[in-house]
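# Secondary and tertiary structure notes
In case you want the letters, here they are:
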Amino acid sequence: MAERKAEVTRNTLETQITVAVNLDGTGQLDVDTGVPFLDHMLDQIARHGLIDMEISAIGDLHIDDHHTVEDIGITLGQAFKQALGDKKGIRRYGHAYVPLDEALSRVVIDFSGRPGLAMDVEFTRGRVGGFDVDLFSEFFHGFVNHGMVTLHIDNLKGKNTHHQAETIFKAFGRAIRMAVEVDQRAADIMPSTKGCL
Ligand SMILES: [Mn+2]
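- The protein is annotated in an unreviewed UniProt entry as Imidazoleglycerol-phosphate dehydratase from Marinobacterium halophilum.
- The Pathway (unreviewed entry) field of the UniProt record for the protein holds the comment "Amino-acid biosynthesis; L-histidine biosynthesis; L-histidine from 5-phospho-alpha-D-ribose 1-diphosphate: step 6/9."
- Within the UniProt record for the protein, the comment given under Catalytic activity (unreviewed entry) is "D-erythro-1-(imidazol-4-yl)glycerol 3-phosphate = 3-(imidazol-4-yl)-2-oxopropyl phosphate + H2O".

## What to know about helix H4 (residues 161–180)
- Between its first and last C-alpha atoms H4 spans 29 Å; for 20 residues at 1.5 Å apiece the expected length is 28 Å, and the two agree.
- The backbone nitrogen of His 162 has a side-chain oxygen 2.9 Å away, supplied by the residue at the start of H4, namely Asn 160.

## With respect to the coordination of the manganese ion
- Those donors, His 40 (NE2), His 162 (NE2) and Glu 166 (OE), are the protein atoms that reach the manganese ion, and they lie 1.9 to 2.2 Å from it.
- Spacing between the donor residues of the manganese ion along their common chain follows H-x121-H-x3-E. Residue His 162 and its partner Glu 166 are both found in helix H4; the two are separated by 4 residues, about one turn of the helix.
- On the basis of relative accessibility, which here comes to 29%, the residue His 162 falls in the partly exposed class.
- Residue classification places Glu 166 among the buried residues on the basis of a relative accessible area of 10%.

## Quick look at the sheet that holds strand S4 (residues 52–59)
- Read across the sheet, 4 strands follow the order S1-S2-S4-S3 without closing on themselves; strand pairing throughout is mixed. Looking along the sheet, the strands with just one partner apiece sit at the ends: strand S1 (5–11) and strand S3 (29–32). In this sheet, neighbouring strand axes are inclined to one another by 5° on average, regardless of whether the strands run parallel or antiparallel.
- Seen against the sheet, helix H1 (residues 36–49) touches S3 and S4 and runs at an angle of roughly 160° to S3.
- Contacting S1, strand S2 (15–22) and S4, helix H2 (residues 66–84) runs over the sheet at an angle of about 35° to S2.

## Some details on the side chain of Arg 92
- Turning to its location among the elements, Arg 92 is positioned in the loop between H2 and strand S5 (93–100).
- Taking relative accessible area as the criterion, Arg 92 reaches 9% and is therefore assigned buried.

## What to know about a negative patch on the surface
- Taken together, Glu 7, Asp 30, Asp 32 and Glu 54 make up a surface patch of like negative charges.
- Positionally, Glu 7 belongs in strand S1.
- Taking the relative accessible area as the measure of exposure, Glu 7 reaches 56% and is therefore exposed.

## Comments concerning the sheet that holds strand S7 (residues 116–120)
- Here 4 strands make up an open sheet; going across it, the order is S5-S6-S10-S7 and the pairing mixed. Sheet topology places S5 and S7 at the edges, where each strand pairs with a single neighbour. Each strand axis lies, on average, 10° off the axis of its neighbour in the sheet, ignoring direction.
- Where S7 meets strand S10 (residues 150–157), 5 bridges bridge the pair, whose relative direction is parallel. Residue pairing across strands places Asp 120 opposite Asp 154, the latter belonging to S10.
- Along the sheet, H4 contacts S5, strand S6 (103–110) and S10; its crossing angle with S5, the most-contacted strand, is approximately 150°.

## Some remarks on H2
- Compared with an ideal rise of 1.5 Å per residue, which puts 19 residues at 27 Å, H2 spans 27 Å between its outermost C-alpha atoms and is within 8% of the ideal.
- Residue Gly 85 follows H2 closely and has a positive phi angle near 60°.

## Observations regarding the packing of H1 against H2
- The N-to-C vectors of H1 and H2 enclose an angle of 20°; their axes lie 12 Å apart at closest approach. Considering their axes alone, H1 and H2 lie roughly parallel with respect to each other. Of the two elements, H1 crosses H2, and the hand of that crossing is right-handed. Across from Leu 38, Leu 42 and Ile 45 in H1, the residues of H2 making contact are Val 69, Ile 72 and Leu 76.
- Here the contact of H1 with H2 is built from residues that sort into 6 nonpolar, no polar and no charged.

Quick notes on the rules
Residues numbered from 1 in each chain as written. Predicted model: local features only at pLDDT ≥ 70, side-chain atom pairs only at ≥ 80, totals over all residues. Heavy atoms only, no water. UniProt positions renumbered as here; feature names shortened; annotations may be inferred. Helix = DSSP H or I, 4+ residues; strand = E, 2+ residues; numbered from the N terminus. Expected span 1.5 Å × (residues − 1). Polar contact = N/O pair within 3.5 Å; in protein donor to acceptor, adjacent residues only side chain to side chain. Donors = N, O, S within 2.8 Å, 3.2 Å for Na, K, Ca; no water. Buried < 20%, exposed > 50% of the residue type's maximum accessible area, 1.4 Å probe, protein only. Pairing = 2+ DSSP bridges. Axes fitted to C-alpha atoms, helices over the stretch in contact; angles between N-to-C directions. Contact = heavy atoms within 4.5 Å. Patch = residues over 30% accessible without salt bridge, like charges linked within 9 Å, V, L, I, M, F, W, Y side chains within 5 Å. Areas by Shrake-Rupley, 256 points an atom, 1.4 Å probe, with all protein chains shown as cover. Salt bridge = Lys/Arg side-chain N within 4 Å of Asp/Glu carboxyl O. Lys, Arg positive; Asp, Glu negative; His and termini not counted. Charge placed at Lys NZ, Arg CZ, Asp CG, Glu CD. Parallel < 35°, antiparallel > 145°, perpendicular 65-115°, else oblique. Left-handed = near helix turned anticlockwise from the far one by under 90°. Nonpolar A, V, L, I, M, F, W, Y, C, P; charged D, E, K, R; others polar.

Below, the structure is given as structure tokens:
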């Protein structure tokens, strides 16, 4: 099988970001975004997705975290899309339920070629650490619009905001792992009756 790796650099006046991914990795992460809670969440994607990721970001954090978080979502989506190529042989769909103590989240993903985000999450607080929870949807919007995926995120239970966020990102990693895995029974088959994705 060809290596499923990609490196994408995206420079704007607000952020300069480089993302490298290896979809067949072991969950290694090398990250420094300047936003510690986001680093913690990206670590969940790598670890539970078994995806190696290198992410460097210089953003206009003197304003706030918004541009940096959104643009990392965008660049990560672009890197996934590029690494997956024509998507032949992948499972395409992935889903996971992940608990953490009282919190429980479900994430369902489809590498459909069409962007779509349905996110039903009510965070119990507005911030976790110094991180503004509004920015989670900015991250996922960036990811789906540029990764061209359909993504359903539901936080089903949860009182602790850190737990809510962490279950979402762990489930996201797990769902990605399932979806991008090669299905040995269908390794030469495009997972769509349309013939392309
Ligand atoms: Mn944690």
